[in-house]
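These are the residues of each chain, in order.
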Amino acid sequence: MVEICQSNLPIRPWEDDRLQRLPGLQPVLPGEWLLQDDAYAAQMAHRVSLIRDKPDIVHRLNHAAIPAAGELLDTVLTDLAATTGFVVTESTVTCPDGREVPIDRDAPLLTCGKMVQEDLVLMQKKGDEHVLTGAVLCFPASWSLDEKYMKPLIRIHKPVADYTADIAKRVQRLFDGIQVGRPMWRANCLTYDDPELHQPRREEDRRQTTQHGPKWTRVERQGMRRLPVSDAVVFSIHTYVVRKPAD
């Protein structure tokens, strides 16, 4: 178990009326699609080790999604070039923690995963639904990439008891409605018995919680951004973890 915590929570969904009203979407302000916080160095060290040691668990990319992944890499590089702390050249990116990341266009999602705190998921329209066609997912909150890969939205949410057919239609309309140049974000909040960021679980392996012992609050800032050329929607997840005060 690795404990990596931020010093505070900049997002508190349980206190923010805007986020409590479903679906709780808010516009992403300029320069705030990808965020860096005080846990950047520690989270990135954990991400890089996972990408190195567990590539088959944290990464998937369908052949047909390669153009979208390349477009995503270019979008991330453009964003980072305008972000304080990053130095972007034709071949490398120097990150705020001093690491130099080679730009590998043959591994676009893995390259992104070594530069930014966000997990990045590609969702592409296939028929009537968006399908998960690629991702770099180092910090899943109790779900596994291999189980959701190449599945549509309604199948991805199968274990969620209150994910009704009506909600499924609303979520699909949400993805259909994301406009180029107008990214959106929402947030959720979970309580965990341990702070480990990398928590993949199969659908039948339900997360167990105990009444006693230390607890951690885990908040996900979930972004949705449409890529203009491929028309893919990028689902980004920035994860915050803080220890809850003892009762």
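What you see is a predicted model; the values in this text were computed from it and never measured. (Residues numbered from 1 in each chain as written. Predicted model: local features only at pLDDT ≥ 70, side-chain atom pairs only at ≥ 80, totals over all residues. Heavy atoms only, no water.)

Notes on the overall build of the protein
Convention followed: Helix and strand assignments follow DSSP, with helices taken as H or I runs no shorter than four residues and strands as E runs no shorter than two, numbered in order from the N terminus. All radius of gyration figures rest on C-alpha atoms, and the globule criterion is 2.2 Å times the number of residues raised to 0.38. Note on definitions: a residue-residue contact is assigned when non-hydrogen atoms from the two residues lie within 4.5 Å. By the counting scheme adopted, Arg and Lys are positive, Glu and Asp are negative, and His together with the chain ends is not counted. Taken as the charge location is NZ of Lys, CZ of Arg, CG of Asp or CD of Glu.
Along its length, the protein carries eight helices and 10 strands. For the protein, whose C-alpha radius of gyration is 17 Å, the value lies close to the compact-globule estimate of 18 Å for 247 residues. In terms of its C-alpha atoms, the protein occupies a principal-axis envelope of roughly 50 × 45 × 35 Å. Taking the contacts inside the protein whose residues are at least 6 apart along the sequence as the reference set, 69% of them involve residues at least 24 apart. Positive and negative charge centroids in the protein, built from 32 and 35 side chains respectively, lie 5 Å apart.

Topic: the pattern of salt bridges
Note the threshold: Each salt bridge in this description consists of a side-chain nitrogen of Lys or Arg and a carboxyl oxygen of Asp or Glu lying within 4 Å of one another.
Across all of its chains, the model carries 11 salt bridges by this definition. Each of the salt bridges in this network shares a partner with another, and the network as a whole consists of Asp146, Glu147 and Arg202.

Some points on the sheet that holds strand E5 (residues 100–102)
Note the threshold: Pairing between two strands is assigned when DSSP locates at least 2 bridges connecting them.
Ordered in space as E3-E4-E5, the three strands form an open sheet in which the pairing is antiparallel. In this open sheet, the two edge strands, each paired with only one partner strand, are strand E3 (87–88) and E5. One ladder, built from two bridges, connects E3 with strand E4 (residues 92–94); its direction is antiparallel. Bridging from a neighbouring strand, valine 88 pairs with valine 93 of E4.

Details of the layout of surface pockets
The condition that has to hold: For cavity detection a 1 Å grid was placed over the protein atoms alone, and a set of points counts as a cavity when a 1.4 Å probe fits there but cannot get out; an open set counts as a pocket when protein lies on both sides within 12 Å along at least five of seven lines, with lining residues being those that have an atom within 4 Å of a point. Grid points are joined across faces, edges and corners, and a volume is the space filled by probe spheres set on the points. Residues are grouped as follows: nonpolar covers Ala, Val, Leu, Ile, Met, Phe, Trp, Tyr, Cys and Pro; charged covers Asp, Glu, Lys and Arg; every other residue, Gly included, is treated as polar.
Quantified by volume, the second largest pocket comes out at close to 210 Å³. Lining of the second largest pocket is provided by 16 residues; of these, Trp33, Thr75, Gly181, Pro183 and Arg225 occupy positions nearest its centre. Counting only elements with at least two residues in the lining of the second largest pocket, the list comes to helix H4 (66–81) and strand E9 (216–226). Among the elements that line the lining of the second largest pocket, the one with the most residues is H4, at three residues. Its residues assigned to classes, the lining of the second largest pocket comprises eight nonpolar, three polar and five charged.

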